[in-house]
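Structural overview
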Amino acid sequence: MFLALLVCGLVVALVVIGLFVFGLRRRLIQRAGGTFDCSLHWNVPDEPDPSGKGWVYGVARYSGDEIAWFRVFSYAPRPRRVLERSSIVALERRMPEGEEELALLSDMVIQPCMYEGVRLELAMSEDARTGFMAWLEAAPPGQRVNVA
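Now for a look at the structure at hand. Nothing here was measured: the structure is a model prediction, and the numbers come from that model.

Let us now look at the pattern of salt bridges. Going through the model one piece at a time under the given rule, you end up with five salt bridges. With a shortest N-O distance of 2.4 Å, D65 and R85 are connected by a salt bridge. On the criterion of sequence distance, the pair formed by D65 in the loop between β3 (58-63) and β4 (66-71) and R85 in the loop between β5 (81-84) and β6 (88-90) is long-range, its members being 20 residues apart. On the basis of relative accessible area, R85 is assigned to the buried category, the value being 8%.

As structure tokens, then:
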């Protein structure tokens, strides 16, 4: 009986520690500022798939001429993807369709982009998209603006 209680207590303690580390990691990512909730769909086929598959929830952070994208449900301290401003080409925005609405947070808009020959989609709030487009267009002098 004592052993069962000890094991249950250890399991509960490990779950609490795991959740604490998730929260601490997100806090450290957001501490630098310039972050926004951003789901990512990497290597999107030419024909949109409204099934909602392929979306990964994350947090994006502006860092100079790059956007660092972190998975929310990960313990990794480094970003999963780093997108350079000069290589991002923004395409026509769209609204979630079909089951995508269930896979994404509410009030998200989808910003399709091309990045070094790979088609990707970023889902973010309308305010975050406005900031993203302003960041893309605010490239330093001499860099091209990649808005289609």
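Within the open sheet, the four strands sit side by side as β2-β8-β7-β6. Their pairing is antiparallel. In this open sheet, the two strands that pair with only one neighbour each are β2 (39-42) and β6. Between one strand axis and the next, the sheet turns by 30° as a mean value, whatever way the strands run. Taken together, the four bridges between β2 and strand β8 (residues 118-125) define a ladder with antiparallel strand orientation. Residue pairing for β8: H41 is matched across the bridge by E121. Most of the contacts of helix α3 (residues 126-137) go to β8, to which it runs at about 130°, and overall it touches β6, β7 (108-115) and β8.

Using the criterion set out here, one finds four aromatic pairs in the structure. Pairwise contacts between aromatic rings join F36, Y62, F132 and W135 into one cluster.

Rules used in this analysis
Residue indices begin from 1 for each chain and proceed along its sequence in written order. This being a predicted model, a pLDDT of at least 70 is required before a residue's local features are given, and a value of 80 or more before pairs of side-chain atoms are given or counted; all residues contribute to the totals for chains, interfaces and linings. For side-chain calculations, the full set of non-hydrogen atoms in the structure is used, while hydrogens and water are omitted. By convention in these notes, a salt bridge is any Lys or Arg side-chain nitrogen within 4 Å of a carboxyl oxygen on Asp or Glu. Only runs of H or I of at least four residues qualify as helices and only runs of E of at least two qualify as strands under DSSP, and these elements are numbered from the N terminus. Only protein chains enter the accessibility calculation, which uses a 1.4 Å probe. A residue is then buried if its area is under 20% of the maximum for its type, exposed if over 50%, and partly exposed in between. Two strands are counted as paired when DSSP detects at least two bridges linking them. Each axis is a line fitted through C-alpha atoms, taken for helices only over the stretch in contact, and angles between the N-to-C directions span 0 to 180 degrees. Residue contacts follow a heavy-atom distance rule, with two residues in contact if any of their heavy atoms lie within 4.5 Å. Within 6.5 Å between ring centres, the rings of Phe, Tyr and Trp (the latter by its six-membered ring) count as paired, and their orientation is classed by plane angle as stacked under 30 degrees, edge-to-face over 60, tilted in between.

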